[in-house]
Amino acid sequence: MFRNGTEHTCVSLSFIQQDIAHSFQSPVVRVLLATIGIALLYVLWKEVRKIPARLFTLMATAFVDMVGLLMIIPLLPFYVKELGGSGIDILGLHFGIGSITGFIIASFTVAQLVSAPMWGRFSDRAGRRPALLIALGAAGIAYLIFGFAHSLLVLFVSRLVQGAGGGTVGVIQAYVADSTDPKDRARALGWLSATTNLGVALGPVVGSGALWLGKHDLMPGPGTLVLGRAMPGIIAAALCGLNMIFVARYLIDSRDLGEQPQAGEIRQTSRQAIWRVISHSGEPASRLILIYAISIGAFQGSFSVLALFLNARFQVTDQTIGYFFMYIGSISVFTRLLLLGRAVDWLGEANLSRLGLVLLAAGVLGMPLSQNLWMLAMAVALIPLGTAFTFPCVTALLSRVIAPSERGLYMGMQQTYGGVARVIAPQFFGWAFDTIGVSSPYFFSSAIILATLSLGFGLDQYARPKVSATPEATGDKREA
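Residues numbered from 1 in each chain as written. Predicted model: local features only at pLDDT ≥ 70, side-chain atom pairs only at ≥ 80, totals over all residues. Heavy atoms only, no water.

## Some points on the overall build of the protein
A tally of helices and strands in the protein yields 19 helices and two strands. Residues classed as buried in the protein amount to 56% of the 480 residues present. A separation of at least 24 residues holds for 83% of the contacts in the protein among residues at least 6 apart in sequence. (Helix = DSSP H or I, 4+ residues; strand = E, 2+ residues; numbered from the N terminus. Buried < 20%, exposed > 50% of the residue type's maximum accessible area, 1.4 Å probe, protein only. Contact = heavy atoms within 4.5 Å.)

Next up, the structure:
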């Protein structure tokens, strides 16, 4: 009976997979996706006029950076599968593709968690722009290494290089906090997230196009120039180079826009700040960092095997996975541009972040429960809603409970603790994918995300301060 039921399920899933694979190739679906892309650009253009000029340059920088990153990330599991075959054996232990993918993805966060506080402190002292230029340069080198990688070891090195460069997230968040009023930070972070999510939507499609271009001869005449799978890495590196020129020419350092540290103010070292999160875990800053780290670790950790999950359940390939990310990114852009600011005004950052965690957990849980393309689409739609409501609000609250002179340090710390979670989570979820089942990472992820709700109670007093200067003039220094 069990065997017959299993065979029936496999046959049913086979038909579902064929239907989904066919849907991705349908002209109607392609036209719909093109229409969504045009609508996104139109909405973004309408909202651009509301954004302060000092943030527009930063948003353009973040957009180009995210396009380059998302050209690479969806392709990484397929490169691992191509180079790793059925897995590798080390010291008598077999490591499957899911575990290897999780390990290589986690290598970025290992390097980042070591370097992020240092780069955060560097940006506090030298400015956000120099730190951003260094991070973009490291990313460009990493993309070139990725493009020409012919072994799993070289893929691993490419991720280490990018992580050690410091990343751009903490620096960009500190820039936003420097140059906006506390009451406007969640909205400003939403604008920034909308831009990066537009990059999330378009980057994988550009990456798939670059992969297609790499299969063709680019040399006119009798000569041949076929770059193959190196093409996405080359184009991503070129985008980083252009971005560096843009930043150097047009981005004004936020130290000229934001608040200056007071004379005689004592600054914490990176080591002291890292330990304070653990030793004073009940403080608002520590709790906010832990909410961010645990929830983003669970979410992104389960997505480290996303390509393998979608391939196993729905026959999504390296040529079609870009549409999945485009769908998520499209909803993210609309949510951050049209809903986030209004929702913050209505509920406040603390309540909205809790709602976001519930929506995120529900969306992640719905993925393995989906039996067809439309169920998957409805479940996945909750994920960008959840991330849009959670992470900008948590970061905005964090910027209120720390001193202005330590924003770079604490934003880097947020990325460090998030990095620790993103190191552990991909290993666990990769192991679960290989040993328990392809759907198991998403059940675990949903439960972990829901558990972080307990850390957020009591933070409502920081969501709507009566006087905007109060948290930063008084409470910030106590909590920092």
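Read on for the rest.
## A closer look at the packing of aromatic side chains
Evaluation of the coordinates by the stated rule reveals six aromatic pairs. Measuring from ring centre to ring centre gives 4.8 Å for Phe 309 and Tyr 442, while their planes differ by 50 degrees; the resulting arrangement is tilted. Taken together, the positions of Phe 309 in helix α13 (residues 306-314) and Tyr 442 in helix α18 (residues 440-451) put the pair 133 residues apart, joining distant regions of the chain. With relative accessibility at 0%, the residue Phe 309 sits in the buried group. Taken together, a centroid distance of 5.0 Å and an interplanar angle of 70 degrees make the contact between Phe 428 and Phe 444 edge-to-face. One end of the pair, Phe 428, is in helix α17 (residues 407-435); the other, Phe 444, is in helix α18, with 16 residues separating them in the sequence. The class of Phe 428 is partly exposed, set by a relative accessible area of 31%. Taken together, the aromatic side chains of Phe 428, Phe 429, Trp 431 and Phe 444 make up a single cluster linked through ring pairs. (Phe/Tyr/Trp six-rings, centres within 6.5 Å; stacked < 30°, edge-to-face > 60°.)

## Side note on helix α4 (residues 76-84)
All buried positions along α4 are accounted for by Leu 76, Pro 77, Phe 78, Tyr 79, Val 80 and Gly 84. Gly 85 sits one or two positions beyond α4 and adopts a positive phi of about 60 degrees.

## A short note on the packing of helix α6 (residues 128-147) against helix α7 (residues 152-164)
Two numbers describe how α6 lies on α7: the axes approach to 8 Å, and their chain directions differ by 175 degrees. By the angle class used here, α6 and α7 are roughly antiparallel. Contact residues: α6 offers Ala 138, Ala 139, Ile 141, Ala 142, Tyr 143, Ile 145 and Phe 146, while α7 offers Val 154, Leu 155, Ser 158, Val 161 and Gln 162. Its residues assigned to classes, the contact of α6 with α7 shows ten nonpolar, two polar and no charged. (Axes fitted to C-alpha atoms, helices over the stretch in contact; angles between N-to-C directions. Parallel < 35°, antiparallel > 145°, perpendicular 65-115°, else oblique. Nonpolar A, V, L, I, M, F, W, Y, C, P; charged D, E, K, R; others polar.)

## Quick word on a nonpolar patch on the surface
Residues Ile 294, Phe 428, Trp 431, Ile 436, Phe 444 and Ile 448 make up a contiguous nonpolar surface patch of roughly 510 Å² in combined accessible area. Of all the secondary structure elements, the ones that give two or more residues to the nonpolar patch are α17 and α18. (Patch = residues over 30% accessible without salt bridge, like charges linked within 9 Å, V, L, I, M, F, W, Y side chains within 5 Å. Areas by Shrake-Rupley, 256 points an atom, 1.4 Å probe, with all protein chains shown as cover. Salt bridge = Lys/Arg side-chain N within 4 Å of Asp/Glu carboxyl O.)

## A few points about the side chain of Thr 101
Following the sequence through the fold, Thr 101 ends up in helix α5 (residues 97-126). In contact with Thr 101, other than residues within four places in its own chain, are Pro 77, Val 80, Ser 304 and Leu 308.

## Remarks on the packing of helix α15 (residues 349-369) against α18
Where α15 contacts α18, the axes come no closer than 8 Å and their chain directions differ by 170 degrees. Classified by the angle their axes make, α15 and α18 are roughly antiparallel. Residues Leu 357, Val 358, Leu 360, Ala 361, Val 364, Leu 365, Met 367, Pro 368 and Leu 369 of α15 form the contact with α18, whose participating residues are Tyr 442, Phe 443, Ser 445, Ser 446, Ile 449 and Leu 450. Among the residues making up the contact of α15 with α18, the classes are represented as 13 nonpolar, two polar and no charged.

## Considering the environment of Ala 126
Summarising the element assignment, Ala 126 is placed in helix α5. Overall, Ala 126 belongs to the partly exposed group, its relative accessible area being 30%. When the C-alpha positions of Ala 126 and Asp 253 are compared, they lie 9.6 Å apart, and in sequence the two are 127 residues distant.

## Some points on the nonpolar core
Counting 75 residues, the largest nonpolar core has Leu 155 and Met 367 as its most contacted members. Looking at this core, the element that brings in the most residues is helix α12 (residues 284-303), giving ten residues. Residues in contact with Met 367, not counting those within four places in the same chain, are Phe 303, Leu 306, Phe 309, Phe 324, Leu 376, Ala 379, Val 380, Ile 383 and Tyr 442. Of all hydrophobic cores here, the second largest spans 30 residues; its members include Leu 132, Leu 136, Val 171 and Val 176. (Core = buried A, V, L, I, M, F, W, Y, C linked by side-chain atoms within 4.5 Å.)

## Comments concerning helix α16 (residues 373-400)
Given a rise of 1.5 Å per residue, 28 residues ought to cover 40 Å, and the 42 Å separating the end C-alpha atoms of α16 matches this to within 8%. Counting buried positions over the 28 residues of α16 gives 23, a clear majority of the element. (Expected span 1.5 Å × (residues − 1).)

## Things to note about the environment of Arg 354
Checked against the element boundaries, Arg 354 lands in helix α15. For the pair Arg 354 and Val 394, spaced 40 residues apart in sequence, the C-alpha to C-alpha distance is 9.6 Å.

## With respect to the side chain of Ser 440
Relative to the assigned elements, Ser 440 resides in helix α18. Within the structure, the side chain of Ser 440 is placed 3.1 Å from the backbone oxygen of Ala 432, a separation counted as a polar contact. Setting aside its immediate chain neighbours within four residues, Ser 440 contacts Ala 432 and Phe 433. (Polar contact = N/O pair within 3.5 Å; in protein donor to acceptor, adjacent residues only side chain to side chain.)

## Some words on the confidence of the model for the protein
Chain-level pLDDT for the protein is 74 on average; 76% of the residues reach the 70-or-more range. Confidence over residues 1-17 falls short of pLDDT 50; this stretch has nine contacts with residues more than four positions distant or in other chains. This model gives residues 257-261 a pLDDT under 50, and the stretch forms 13 contacts once residues within four places in sequence are excluded. (pLDDT = per-residue confidence, 0-100.)

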